[in-house]
Amino acid sequence: MDTLEKAYAVAKEQYAAYGVDTEAALAWLDKIQLSMHCWQGDDVAGLESTGEALSGGIATTGNYPGQARNGDELRADLDLAYSLIPGTHRINLHASYAETDGVVVPRNELRPEHFSRWADWAKDKGHGVDFNPTFFSHPLAASGFTLSDVDAGIRQYWIEHAIACREIGAAFGKTLGTPTVTNVWIPDGMKDVPVDRLAPRERLVKSLDAIFEKEIDPAYNLDAVECKLFGLGSESYVVGSHEFYMGYAVSRGKLLTLDSGHFHPTEVISDKLSSMFLYVDEILLHVSRGVRWDSDHVVTLNDELKAIAHELVAGNFLDRVHIGLDYFDASINRIAAWSIGMRNTQKALLMAMLEPLEVMRSFENAGDYTKRLGFMETWNEMPFGAVWNQFCLTHGVPVGFDMMKPISDYEEKVLSKRG
Ligand code: RNT
Ligand code: ZN
């Protein structure tokens, strides 16, 4: 037995002493597919080749070499990232990643065939696809408004775009045999204090209702709506706030998207899950990490990530949640950024799956909060890493920092050669 195997054997016994079956936890984690966001690979640039700068109050900073410049490069980079992440996972695409061979296709005219390369690749590699209409980096979003714009023509363009995207989502879902979650996030908002907070929200409700008017089989496409507190340049007012979409999702039976970077700095989505699951069937997560004014740092294994995972497991919500990642860091190797965030999300889930909930609940239910705290704090000393390493080993992916080796090799051979 080598060191890692020995460590796992000992860890297994330590967990078993608390009634925790590590093999069952590993088998459970195996069932969880995460949706990896394509946009980390090219700094949210997209493939439309219209030369539009990133807009919508989101921004990437950094100029680390190796940004993917076309679909083939992006897919090659994604392949490497997936090879470092245990299990098979989904891909989350934006409409701006259409491949139209140099022809500029208006976004309201996008069709499934503009994504055929993605569909072929996804089918070949076994990735389910999730999708997003792109309401930014576009001249018709230059006012800072899209679905809630005062101009009916602008609203109509974006309504048609979102309708087209639901059809594309459904086509992916049908082809791949797994429903696409199509997520609507719009940047609409104001830098300074508005006079009228109501009218744009009334317009947004109407636009969304028009988008969702046609029923689509949930076996092919599921609709989600994503709120935000503020963005760069929309500091004073965001039309699609939390209350707005919470009400919309509940009243219309849509999925609610909770992005962990979209709330006040001390406000956490882990505390929202048990409330929202009482009122919506399913939730889409955008796992991210807010740092001061930025909502999109690479996901680290921090307290909030662990808390989110705990809530999903303890509340038995894993079959009602779609876990997507959403961040973009252009200051480090982008493949590492993907792998680190994905692996961390899996680690947090595994930690939660290894918790002896019965034991922990018994202290709480007895009102013994001293023992509850004592137990939870000493539980941190458990040999979690040995169980995680076992998961990596059985999936044939690198253990620990060995993950960096193939990334460094690829950086030297491929990424450093990109202009
Ligand atoms: C922006 C939202 C949104 C985007 C992606 C690119 O704040 O989080 O989800 O990050 O759609
Ligand atoms: Zn998001």
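Cut-off values and rules
Residues numbered from 1 in each chain as written. Chains lettered and ligands numbered in written order. Predicted model: local features only at pLDDT ≥ 70, side-chain atom pairs only at ≥ 80, totals over all residues. Heavy atoms only, no water. Helix = DSSP H or I, 4+ residues; strand = E, 2+ residues; numbered from the N terminus. Polar contact = N/O pair within 3.5 Å; in protein donor to acceptor, adjacent residues only side chain to side chain. Donors = N, O, S within 2.8 Å, 3.2 Å for Na, K, Ca; no water. Tetrahedral: all angles 85-135°; square planar, octahedral: opposite > 155°, others 65-115°. Buried < 20%, exposed > 50% of the residue type's maximum accessible area, 1.4 Å probe, protein only. Core = buried A, V, L, I, M, F, W, Y, C linked by side-chain atoms within 4.5 Å. Contact = heavy atoms within 4.5 Å. Axes fitted to C-alpha atoms, helices over the stretch in contact; angles between N-to-C directions. Parallel < 35°, antiparallel > 145°, perpendicular 65-115°, else oblique. Left-handed = near helix turned anticlockwise from the far one by under 90°. Nonpolar A, V, L, I, M, F, W, Y, C, P; charged D, E, K, R; others polar. Near = heavy atom within 4 Å. Areas by Shrake-Rupley, 256 points an atom, 1.4 Å probe, with all protein chains shown as cover. Expected span 1.5 Å × (residues − 1). Arc of directions from axis to C-beta. Pairing = 2+ DSSP bridges.

## A word on the side chain of Asp42
Reasoning step 1: Secondary-structure assignment places Asp42 in the loop between β1 (35-37) and α3 (71-83).
Reasoning step 2: In terms of polar contacts, Asp42 uses its side chain to reach the side chain of Tyr97, at 2.4 Å.

## Details of the coordination of the zinc ion (ligand 2)
Reasoning step 1: Only Glu226 (OE), Asp259 (OD), His286 (ND1) and Asp326 (OD) from the protein coordinate the zinc ion (ligand 2), and they sit 2.1 to 2.2 Å from it.
Reasoning step 2: Coordination at the zinc ion (ligand 2) is octahedral: its six donor atoms span angles of 70 to 170 degrees at the metal.
Reasoning step 3: Along the chain, the residues donating to the zinc ion (ligand 2) are arranged with the sequence spacing E-x32-D-x26-H-x39-D. Here the residue Glu226 occupies a position in strand β6 (residues 221-226), and His286 occupies one in strand β9 (residues 283-287), the gap between them amounting to 60 residues. Here the two residues Glu226 and His286 agree in accessibility, since each one is buried.

## A look at the nonpolar core
Reasoning step 1: With 120 residues, the main nonpolar core has Leu285 and Leu312 as its most contacted residues.
Reasoning step 2: Broken down by element, the residue count for this core peaks at 10 residues, all from helix α10 (residues 334-353).
Reasoning step 3: Sequence-distant contacts of Leu285, defined by excluding residues within four places in its chain, comprise Leu258, Ile269, Leu273, Ile308, Leu312, Val321, His322, Ile323 and Gly324.
Reasoning step 4: Judged by nonpolar contacts, the second largest core, of five residues, contains Val181, Leu222, Ala224 and Leu284.

## As for the packing of α3 against helix α4 (residues 116-125)
Reasoning step 1: In the contact formed by α3 and α4, the axes pass within 12 Å of each other and the chain directions differ by 20 degrees. The angle between the axes of α3 and α4 places the two elements in the roughly parallel class. Our pair here, α3 against α4, has a crossing hand that is right-handed. Side by side, α3 and α4 meet where Leu74, Arg75, Leu78, Asp79 and Tyr82 of the first sit next to Arg117, Trp118, Trp121 and Lys125 of the second.
Reasoning step 2: Among the residues making up the contact of α3 with α4, the classes are represented as five nonpolar, no polar and four charged.

## Some thoughts on the site of ligand 1
Reasoning step 1: The environment of ligand 1 is formed by Trp39, Ile58, His94, Trp185, Glu226, Lys228, Asp259, His262, His286, Asp326 and Phe328.
Reasoning step 2: Contact distances for ligand 1 include 2.7 Å between an oxygen atom and a side-chain N or O atom of Lys228.
Reasoning step 3: Within the side chain of His286, an N or O atom sits 3.2 Å from an oxygen atom of ligand 1.
Reasoning step 4: In the complex, the protein chains occlude 99% of the 310 Å² of accessible area that ligand 1 would expose alone.

## Quick look at helix α9 (residues 303-314)
Reasoning step 1: With 12 residues, α9 should cover 16 Å at 1.5 Å per step; its first-to-last C-alpha distance of 16 Å lies within 8% of that length.
Reasoning step 2: Along α9, the residues classified as buried are Glu304, Leu305, Ile308, Ala309, Leu312 and Val313.
Reasoning step 3: Elements that come into contact with the buried residues of α9 comprise α2 (22-30), α8 (270-276), β9, β12 (321-325), α10 and α11 (357-365).

## Examining unusual backbone geometry
Reasoning step 1: Non-glycine residue Val44 carries a positive phi angle of around 60 degrees.
Reasoning step 2: Tracing the backbone through its elements, the reader meets Val44 in the loop between β1 and α3.
Reasoning step 3: Its identity as a non-glycine residue notwithstanding, Ser137 has a phi of 50 degrees, on the positive side.
Reasoning step 4: With respect to the element layout, Ser137 can be found in the loop between β3 (129-132) and α5 (152-176).

## Description of helix α1 (residues 3-16)
Reasoning step 1: Compared with an ideal rise of 1.5 Å per residue, which puts 14 residues at 20 Å, α1 spans 20 Å between its outermost C-alpha atoms and is within 8% of the ideal.
Reasoning step 2: For α1, the complete set of buried residues consists of Tyr8, Ala11 and Tyr15. An end-on view of α1 places all buried positions within 65 degrees of arc, on one side of the element. Along α1, the residues that are exposed and aim more than 90 degrees away from the buried face are Thr3 and Glu13.
Reasoning step 3: Among the residues of α1, the N-terminal cap falls to Asp2, whose side-chain oxygen and the backbone nitrogen of Leu4 are separated by 3.2 Å.

## A short note on the pairing of β6
Reasoning step 1: Extensive coverage of β6 is indicated by the burial of six of its six residues.
Reasoning step 2: Side chains Asn221, Asp223 and Val225 project from β6 onto one buried face, and the interleaved Leu222, Ala224 and Glu226 project onto a second face that is buried too.
Reasoning step 3: As defined by bridge partners, strand β4 (residues 180-184) adjoins β6 across five bridges and the pair is classed as parallel. Note on β6: the bridge partner recorded for Val184 is Val225.

## A look at the environment of Lys214
Reasoning step 1: Assignment of secondary structure puts Lys214 in the loop between α6 (198-211) and β6.
Reasoning step 2: For Lys214, a relative accessible area of 48% gives the class partly exposed.
Reasoning step 3: Spatially, the C-alpha atoms of Lys214 and Ile163 are 8.7 Å apart, while their sequence positions differ by 51 residues.

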